[in-house]
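What the coordinates show
The chain contents come next:
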Amino acid sequence: LSFSNQCSTNDGKCSHLLIIVLNFFLTYSVSSSLEVSNESLQELMYNAVSSRLLMHAYIPQPSRTPESGYSDWLRSLLPNELNSFLDRHVAMVINGKDHMDVAFDPSEFTEVCKFDLGKMYAASVMHGHFLARVHRRFKLEKRFESEHSMSMDSYMEKHGQTLNPLRAMQCTQTVNVIERRVETLFGKASIHADDACNNSGRSTRQSPNSRDIINIQLGSIKNLILHALTFGVLLWDAECYFIPHDS
């Protein structure tokens, strides 16, 4: 299996995925059909991401505040090259695009409706998925082309326009996984991936829960965004394992 060959080169990262795959084929081997349904692929991808988050369970450290410790833990699951992009996305979501350089107080409370939190989470998952795709292409070009010393920040600045198509979701399974994740965290709020990434940033759908107002600290919103970004990056990893890609 090509999947097994990939795992042999990165056992720590792939062991949980191999367990999921073996369990899947043992469970469905009694089926008369050898084709894997879309629903089964979605289940595999969702469980692969969830298992990675569970295997690296967060353990609070006495020397760190709960909020900073949790964000550092999330970052530890991702490539270091993505750190600056994570910070910029968090700042843009919390402060707005025109005030990204303004520091915010993590202990400050703000009111936000549950529906908007769900849209924010979905958009951040999709952005994490995009960053993971860009990072993969960046590493490949850095290895095989003449951009050995270029940072990912410079790479994004140089190739920004040509990278935009990577924002599009290639697989319906991925979109469905995102919607399932949002639904699991925020309830059946009719939040769809196309709502999260439309140009206006506003949904055309109305949710029965859209009036549920939550009083939440900005530090908690920051960690929620980082969690969504991490989920998106890991989702791209799972997508690559289970669904063939050209890029």
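These numbers were taken from a predicted model, which means no experiment stands behind them. (Residues numbered from 1 in each chain as written. Predicted model: local features only at pLDDT ≥ 70, side-chain atom pairs only at ≥ 80, totals over all residues. Heavy atoms only, no water.)

1. Regarding the overall build of the chain
Along the backbone of the chain there are 10 helices and two strands. Of the regular secondary structure in the chain, the N- to C-terminal order runs α-α-α-α-α-β-α-α-α-α-β-α. A separation threshold of at least 6 residues defines the contact pool for the chain, and within that pool the share at least 24 residues apart is 77%. Accessible surface, the chain as shown: approximately 14000 Å² in total, 52% of it carbon and sulfur. (Helix = DSSP H or I, 4+ residues; strand = E, 2+ residues; numbered from the N terminus. Contact = heavy atoms within 4.5 Å. Areas by Shrake-Rupley, 256 points an atom, 1.4 Å probe, with all protein chains shown as cover.)

2. A short note on the pattern of salt bridges
Taken as a whole and assessed by the stated rule, the structure comprises six salt bridges. Notably, a salt bridge pairs Arg180 with Glu43, separated by 2.9 Å at the nearest N-O pair. Of this pair, Arg180 sits in helix α8 (residues 172-186) while Glu43 sits in helix α3 (residues 38-55), and the two are 137 residues apart along the sequence. The partly exposed category is assigned to Arg180, whose relative accessible area is 32%. One salt bridge connects Glu81 with Lys139, and the closest N-O pair in it is separated by 3.3 Å. On the criterion of sequence distance, the pair formed by Glu81 in the loop between α4 (66-76) and α5 (83-95) and Lys139 in helix α6 (residues 114-144) is long-range, its members being 58 residues apart. Given the relative accessible area of 29%, Glu81 is considered partly exposed. (Salt bridge = Lys/Arg side-chain N within 4 Å of Asp/Glu carboxyl O. Buried < 20%, exposed > 50% of the residue type's maximum accessible area, 1.4 Å probe, protein only.)

3. So, the confidence of the model for the chain
Per-residue confidence for the chain averages 76 on the pLDDT scale, and 68% of its residues sit at or above 70. Here residues 199-210 is modelled with pLDDT under 50, and outside its nearest four sequence neighbours on either side it reaches 22 contacts, counting other chains as well. (pLDDT = per-residue confidence, 0-100.)

4. Considerations on the nonpolar core
Tyr121, Val134, Met156, Phe231, Leu235 and Phe242 are the most contacted members of the largest nonpolar core, which totals 57 residues. At the level of secondary structure, the elements contributing two or more residues to this core comprise α3, α4, α5, α6, α7 (152-163), α8 and α10 (218-242). Of the residues forming this core, the biggest block, 15 residues, is contributed by α10. Setting aside chain neighbours within four positions, we find Leu235 in contact with Met45, Val49, Val125, Thr174, Val177 and Ile178. (Core = buried A, V, L, I, M, F, W, Y, C linked by side-chain atoms within 4.5 Å.)

5. Observations concerning the packing of aromatic side chains
Considering all chains together, one arrives at four aromatic pairs under this definition. Ring centres 5.3 Å apart and planes at 55° place the aromatic pair Phe138 and Tyr155 in the tilted group. In this pair, Phe138 sits in helix α6 while Tyr155 sits in helix α7, placing the two residues 17 residues apart along the sequence. The two residues Phe138 and Tyr155 agree in class, both being buried. Its end group placed over the ring of Phe85, Arg88 keeps NZ or CZ at 4.8 Å from the ring centre. Here the guanidinium or amino end of Arg167 rests over the ring plane of Phe130, the centre of that ring lying 3.9 Å away. (Phe/Tyr/Trp six-rings, centres within 6.5 Å; stacked < 30°, edge-to-face > 60°. Lys NZ or Arg CZ within 6 Å of the ring centre and 35° of its normal.)

6. Things to note about the side chain of Thr230
Inspection of the secondary structure assignment puts Thr230 in helix α10. Among the residues examined, Thr230 registers a relative accessible area of 1% and is labelled buried.

7. Thoughts on α7
Relative to the 16 Å expected for 12 residues at 1.5 Å per residue, α7 spans just 12 Å between its end C-alpha atoms, considerably shorter than the ideal helical length. Within the sequence span of α7, burial applies to Met152, Tyr155, Met156, His159 and Leu163. One side of α7 carries all its buried residues, which in axial view fall inside an arc of 120°. When the buried face of α7 is taken as reference, the exposed residues oriented beyond 90 degrees from it are Glu157, Lys158 and Gln161. On its buried side, α7 packs onto α5 and α6. (Expected span 1.5 Å × (residues − 1). Arc of directions from axis to C-beta.)

8. Focus: α5
Taking 1.5 Å of rise per residue, 13 residues should cover 18 Å, and α5 covers 18 Å from first to last C-alpha, within 8% of that figure. All of the buried residues along α5 are Phe85, Leu86, His89, Val90, Ala91 and Ile94.

9. Considerations on the packing of α6 against α10
The interhelical angle for the contact between α6 and α10, taken along N-to-C directions, is 45°, at an axis separation of 7 Å. In terms of their interaxial angle, α6 and α10 are classed as oblique. Where α6 crosses over α10, the handedness of that crossing is right-handed. Residue composition of the contact of α6 with α10, grouped by class: 15 nonpolar, six polar and three charged. (Axes fitted to C-alpha atoms, helices over the stretch in contact; angles between N-to-C directions. Parallel < 35°, antiparallel > 145°, perpendicular 65-115°, else oblique. Left-handed = near helix turned anticlockwise from the far one by under 90°. Nonpolar A, V, L, I, M, F, W, Y, C, P; charged D, E, K, R; others polar.)

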